[in-house]
Every structure is written in C-alpha cells, then in structure tokens.
Amino acid sequence: MVKLLRFLVVAGILWSITACSSQPAAEKAAPTVAEVAPAPSGAEVVKKMEAAIKAAKSANFVVDFQIAAIEGPVKGSIEFSGERPSKAYAKMTSEVATLNGQVAVMDGDKGWAYNPSQKIVIVGNKSQYKTQLSDQPELREIAKFAEQIKDRGFENTKADVLGTEQVNGKDVYKVQVTYDKSGEVDLSGVTVTYFVDPKSYLPQRLEINLKRDGLEMSGFMVIKGELGIDAAVDAAKFTFTPPADAQVVDFSKLPKLPDLSSKVPKSQ
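Caption draft 1: Structural view of the overall build of the protein chain. Counting its regular elements, the protein chain contains five helices and 13 strands. When burial is assessed residue by residue, the protein chain has 46% of its 268 residues classed as buried. Counting only contacts in the protein chain whose residues sit at least 6 apart along the sequence, the fraction spanning at least 24 positions is 59%.

Caption draft 2: Structural view of unusual backbone geometry. The amide bond that connects Arg-84 to the next residue, Pro-85, takes the cis arrangement and shows omega of 5°. By the element assignment, Pro-85 lies in the loop between β2 (74–83) and β3 (87–93). Here Lys-119, not a glycine, exhibits a phi torsion of approximately 55°, which is positive. For Lys-119, a relative accessible area of 42% corresponds to the partly exposed category.

Caption draft 3: Local environment of the pairing of strand β10 (residues 203–212). With respect to burial, β10 is a largely interior element, seven of its 10 residues being buried. Strand direction decides the pairing type here: strand β9 (residues 190–196) and β10, joined by seven bridges, are antiparallel. Considered in β10, the bridge of Thr-193 is made with Glu-207. Two strands pair when backbone bridges link them, and β10 and strand β11 (residues 215–223) are joined in this way by eight bridges, in the antiparallel orientation. Along β11, the bridge assignment pairs Ile-208 with Gly-219.

Caption draft 4: View of the nonpolar core. Among the nonpolar cores identified, the biggest contains 38 residues, and Tyr-179, Val-192 and Tyr-194 are the most heavily contacted of them. Those residues in contact with Tyr-179 that lie beyond four places of it in its chain are Ile-149, Arg-152, Gly-153, Phe-154, Thr-157, Leu-187, Ser-188, Gly-189, Val-190, Val-192 and Tyr-194. Within the second largest apolar cluster, 11 residues are counted, among which are Tyr-89, Val-103, Val-105 and Phe-240.

Caption draft 5: Layout of the pattern of salt bridges. Across all of its chains, the model carries nine salt bridges by this definition. The residue Lys-87 makes a salt bridge to Asp-107 at a minimum N-O spacing of 2.8 Å. Residue Lys-87 is located in strand β3, and its partner Asp-107 is located in strand β4 (residues 103–107); the two are separated by 20 residues in the primary sequence. With a relative accessible area of 31%, Asp-107 lands in the partly exposed category. We note a salt bridge from Asp-197 to Lys-170, for which the minimum N-O separation is 3.8 Å. Residue Asp-197 is found in the loop between β9 and β10, and its partner Lys-170 is found in strand β8 (residues 170–178); the two are separated by 27 residues along the sequence. Using a relative accessible area of 10% as the deciding quantity, one classes Asp-197 as buried. Residue Lys-170 is classed as partly exposed on the basis of its relative accessible area, which comes to 23%.

Caption draft 6: Broad picture of the packing of aromatic side chains. A complete count under the given rule lists three aromatic pairs for this structure. Both rings, one in Tyr-114 and one in Phe-240, keep their centres 5.7 Å apart while their planes meet at 35°; by these two values the pair is tilted. Remark: Phe-240 occurs in the loop between β12 (228–229) and β13 (247–250) and Tyr-114 occurs in strand β5 (residues 110–115); sequence separation between them is 126 residues. Accessibility classification places Tyr-114 together with Phe-240 in one group, the buried group. Just above the ring of Phe-220 sits the side chain of Arg-205; from NZ or CZ to the centre is 4.5 Å.

Caption draft 7: View of the environment of Ile-223. Looking at the secondary structure, you find Ile-223 in strand β11. A C-alpha to C-alpha distance of 9.1 Å links Ile-223 and Phe-65, two positions 158 residues apart in sequence.

Caption draft 8: Quick peek at the pairing of β11. Sheet analysis places strand β1 (residues 58–67) next to β11, joined by five bridges and oriented antiparallel. Across the sheet, Ile-67 pairs through a bridge with Gly-219, a residue of β11. With antiparallel pairing between neighbouring strands as the criterion, β10 and β11 make up a hairpin whose turn holds two residues, including Asp-213 at a positive phi of roughly 55°.

Caption draft 9: Structural detail: the environment of Gln-66. You can see Gln-66 is positioned in strand β1. Under the relative-accessibility criterion, Gln-66 is labelled partly exposed at 22%.

Conventions and cut-offs
- Residues numbered from 1 in each chain as written.
- Predicted model: local features only at pLDDT ≥ 70, side-chain atom pairs only at ≥ 80, totals over all residues.
- Heavy atoms only, no water.
- Helix = DSSP H or I, 4+ residues; strand = E, 2+ residues; numbered from the N terminus.
- Buried < 20%, exposed > 50% of the residue type's maximum accessible area, 1.4 Å probe, protein only.
- Contact = heavy atoms within 4.5 Å.
- Pairing = 2+ DSSP bridges.
- Core = buried A, V, L, I, M, F, W, Y, C linked by side-chain atoms within 4.5 Å.
- Salt bridge = Lys/Arg side-chain N within 4 Å of Asp/Glu carboxyl O.
- Phe/Tyr/Trp six-rings, centres within 6.5 Å; stacked < 30°, edge-to-face > 60°.
- Lys NZ or Arg CZ within 6 Å of the ring centre and 35° of its normal.

Now the structure itself:
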C-alpha cells in the first residue's frame with residue numbers, strides 16, 4: 001500500500017492543536033517573567049490560550065518543524081492555511097528530497113495528498129490516511145498522541161509556568177503541561193510545552209515529548225514570521241486537481257471489507 005505522506009501528521013497536529021514552530025531565537029538571553037509581565041498561573045495561561053484558539057475562524061502561517069525518527073530527524077517547513085471546521089491546506093518544503101513539494105488538502109471529510117517524487121495522489125478521508133502509517137512508527141505514535149491531546153483537552157492536567165523565552169523576537173510565556181492516567185485517555189509520560197504570546201494568548205511554539213514503556217520521542221513546531229488569524233483564505237486552496245502524470249489512488253472507491261463483528265462469538 002502507498003505509505004502516508006509524512007507531513008500529513010504534522011498538518012493534522014497544526015490544525016487540531018493550532019500550534020506552531022521553528023528553532024528558538026539564538027544569541028539572546030531569555031528575559032525574566034518580570035520583564036514581560038507577571039505571569040498568571042499555568043492553568044490561567046492554558047485556559048486563555050484554549051479560548052484564543054477556539055475563537056480563531058481561520059489561520060494562515062508558515063512553520064518550521066522537526067520530528068525525531070529512527071533514521072534521523074525529519075526537518076522542514078510547512079505553508080499552512082485552514083478554516084474552521086474542517087478545511088486545510090499544507091505544502092511542505094524539506095531538505096529531504098522525497099518530502100519536498102508534498103501537498104495535503106482537506107475539505108470536510110475529503111482529502112488529497114500529493115507526493116511529487118512518487119507522482120502519486122491519495123484521495124480519501126482522514127481515517128483512511130491513518131491506515132498508511134504502519135511503516136512510520138514514530139510518526140504514527142506522535143499522530144496518535146496529538147489527537148488524544150486534542151480530544152482530552154486540558155482537564156486534569158498540571159500546567160506550570162517555567163518562565164519566559166523569546167520566539168521570533170517576542171517575549172512569550174513558557175508553559176509545560178503534564179498529563180496523567182485520569183479520564184478515558186491515558187496520556188501519562190506525555191508533556192507538551194507551549195510558548196504563548198502574553199498579548200494574544202496564541203501559541204508561537206509547541207514541543208511534544210513522550211517517554212513511556214521504553215519509548216522516547218520528541219518533536220517541535222514553531223511559527224516562522226507572523227501568525228495570520230481570521231484573515232481571508234483563497235477557497236481554491238481547499239480543492240486539488242491531480243497533475244496529469246500522477247497516479248491517483250482513491251480509497252473511497254476501493255471495495256469495503258465485510259463487517260464480521262456480528263459473527264464473532266461473545267465471551268462467556
């Protein structure tokens with residue numbers, strides 16, 4: 001089966017959590033909290049961030065990202081546009097030739113993923129894309145935990161303000177959110193660090209770390225330039241016409257497997 005384009009995972013994280021990334025500013029000492037403003041509690045920062053994210057109707061931005069993988073770090077940048085509730089466009093630039101130029105588009109439950117190096121376009125919904133992550137365990141795990149983080153929200157979490165740092169020349173709050181086993185989703189061993197603008201309360205950088213069951217993974221995303229919120233998005237971005245020389249694999253037209261659940265004997 002054609003494997004999922006790696007950056008679909010990143011694009012999904014971007015729109016579901018609406019966070020961003022790029023290397024932190026270098027050669028400049030991080031200011032103290034007092035130089036920005038007395039920080040609210042971690043819980044208050046997270047609450048205001050969540051409200052600011054939910055209030056955004058659309059977003060346009062570019063992020064740099066890095067995800068740890070067995071073969072080495074996967075690096076690149078993504079041009080992203082999205083509209084609530086379920087429209088998204090992402091185009092990747094990467095030093096990895098097989099990733100460079102890839103495009104992902106979502107419009108409702110329909111999506112397109114184009115890999116120019118393989119000249120393949122995958123058409124299907126989000127769940128069908130996810131089935132193609134079998135050969136990318138690190139990305140599969142990060143995608144799983146990113147979705148669980150989104151679904152769980154910030155209830156029953158511990159949020160600590162670690163101080164402030166600079167991201168893209170802005171003094172931002174650094175807030176680490178730690179998850180536990182409470183609730184339906186066990187996120188113990190997962191920490192997410194948000195770098196939050198104290199004025200807009202929108203995240204400027206996101207770091208995800210997972211350490212559990214002998215598995216260690218990490219990744220980050222950071223805004224490159226300005227984060228455009230509620231700006232107009234060209235409607236043409238949310239549809240995709242496959243190039244003439246590309247092979248199209250439409251998952252929605254593949255035969256469905258029979259439902260055998262009713263034939264499985266119930267345990268006594």
